[in-house]
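Take a look at the letters that make up each chain.
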Amino acid sequence: GAVVSQHPSWVICKSGTSVKIECRSLDFQATTMFWYRQFPKQSLMLMATSNEGSKATYEQGVEKDKFLINHASLTLSTLTVTSAHPEDSSFYICSARRDATSYEQYFGPGTRLTVT
Amino acid sequence: GENVEQHPSTLSVQEGDSAVIKCTYSDSASNYFPWYKQELGKRPQLIIDIRSNVGEKKDQRIAVTLNKTAKHFSLHITETQPEDSAVYFCAAKDTNAGNMLTFGGGTRLMVKP
């Protein structure tokens, strides 16, 4: 149990276009989902925390109008990178937590975004 | 907020030797400390975790120790194997900031056969 999927696994887009990444908890309901960005040979940097049915909480320095997060159901959260630029190219990973009392987070397989 | 420091950034050991990775954290309220293994291009996978009410936990060749007073915790891998080669991340749960995890910078472990 506790499987998280992401789609797509990789995407190439042109500069100026928008890209949507989906994160799904397949066999459990996730009240909270987290979005991370990971540059090559670096650690995971939290971008935002999303709770089902409410607005996402963004970390300092992350533009909420550029990285749109929607958590419309207990099994799905989406991250939309708007007007993507080459510097947005990165590995985006989501994770999901069952509820506020849960310690463990379950990670998705990641989405590699390349902006040309 | 929480700040997690991890050392060393790279570690090379001979197969069969032990490997130790150390992390320090800043928030004394943190109460959950997981370790993740990440292979290139893949998701982080939880390998072991420890809560603040325990000082040590072991799972076969992997062990984690926690010193709450000093605010540091360590990962110990014994009898290393080539398949242990990966990047390892420690993390701490920041209970004052929405229960989110803060990650260390990572350690690239290379086990030479």
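Here the residue numbers are simple positions, counted from 1 along each chain's written sequence. Starting at A for chains and at 1 for ligands, labels are handed out in the order in which the entities are written. In keeping with the predicted nature of the model, local features appear solely for residues at pLDDT of at least 70, side-chain atom pairs appear and are counted solely at 80 or more, and the whole-chain, interface and lining totals rest on all residues. The basis for every side-chain value is the complete set of non-hydrogen atoms in the structure, without hydrogens or water.

> Hey, could you go over the interface of chain A and chain B for me, with residue numbers and the actual values?
The contact criterion used throughout is that any non-hydrogen atoms of two residues lie within 4.5 Å. Counting residues at the interface gives 22 residues for chain A, matched by 20 residues for chain B. As used here, buried area is the combined drop in accessible area, with a 1.4 Å probe, of two parts when they are placed together. Approximately 1,700 Å² of surface area, both sides summed, lies buried where chain A meets chain B, with 54% of it carried by carbon and sulfur atoms. Salt bridge, as used here: a side-chain nitrogen of Lys or Arg that lies within 4 Å of a carboxyl oxygen of Asp or Glu. Applying the counting rule to chain A against chain B returns 0 salt bridges. Here a polar contact is taken to be a pair of N or O atoms separated by no more than 3.5 Å, where protein atoms must pair a possible hydrogen donor with a possible acceptor and residues adjacent in sequence count only if both atoms sit in side chains. Taken together, chain A and chain B are joined by 4 residue pairs in polar contact (both at pLDDT 80 or more). Contributions of two or more residues to the side of chain A that touches chain B are made by strand S4 (32–38) and strand S9 (90–97) of chain A. In this description a helix means any DSSP run of H or I spanning at least four residues, a strand means any run of E spanning at least two, and both kinds are numbered starting from the N terminus.

> Please provide a residue-by-residue account of the side chain of Ser95(A), values included.
All names here are of chain A. Position of Ser95 among the secondary structure elements: in strand S9. When accessible area is computed with a 1.4 Å probe and restricted to protein chains, residues below 20% of their type maximum are described as buried, those above 50% as exposed, and intermediate ones as partly exposed. In this structure Ser95 comes out as buried when scored by relative accessible area, which is 0%. Apart from the residues within four sequence positions on either side, Ser95 is in contact with Thr32, Met33, Phe34, Tyr36, Gln105, Tyr106 and Phe107.

> Please set out the environment of Pro82(B) residue by residue, giving values where relevant.
All names here are of chain B. When you line up the elements, Pro82 lands in the loop between strand S8 (72–77) and strand S9 (86–94). In this structure, the C-alpha to C-alpha distance between Pro82 and Phe103, residues 21 residues apart in sequence, is 25 Å. Dropping the residues within four chain positions of it, Pro82 is found in contact with Glu15, Val111 and Pro113.

> Summarise the sheet that holds strand S6 (residues 56–59) of chain B; cite the residues concerned and give the values.
All names here are of chain B. Pairing in this open sheet of 5 strands is antiparallel, and the strands run S1-S3-S8-S7-S6 from one edge to the other. The sheet is open, and its two borders are formed by strand S1 (4–7) and S6, each paired with just one other strand. Here the average twist between neighbouring strands, direction ignored, is 15°. In this description, strands pair whenever DSSP reports at least two bridges between them. Pairing of strand S3 (residues 19–25) with S8 involves 6 bridges; the strand directions are antiparallel. Opposite Ile21, over in S8, you have Leu75 as the bridge partner. Working convention: axes come from line fits to C-alpha atoms, limited for helices to the stretch in contact. Angles between N-to-C directions cover 0 to 180 degrees.

> Quick one: what's the story with the state of the cysteines, residue by residue and with numbers?
Here, a disulfide means two cysteine sulfur atoms that sit within 2.5 Å of each other. Counted according to the given criterion, the structure contains 2 disulfides over all chains. There is a disulfide in this structure between Cys23(A) and Cys94(A), and the S-S distance comes to 2.0 Å. Where Cys23(A) bonds to Cys94(A) through sulfur, the torsion about that S-S bond is close to 80°, and the disulfide is right-handed. One end of the pair, Cys23(A), is in strand S3 (residues 19–25); the other, Cys94(A), is in strand S9, and 71 residues separate them in sequence. You'll find Cys23(A) and Cys94(A) in the same group, each marked buried. Across the disulfide, Cys23(B) is cross-linked to Cys90(B) (sulfur-sulfur distance 1.9 Å). Taking the sign of the S-S torsion, -100° for the link of Cys23(B) and Cys90(B), the bridge is left-handed. Of this pair, Cys23(B) sits in strand S3 while Cys90(B) is found in strand S9, placing the two residues 67 residues apart along the sequence. Note on Cys23(B): relative accessible area 1%, which makes it buried. For Cys90(B), a relative accessible area of 0% gives the class buried.

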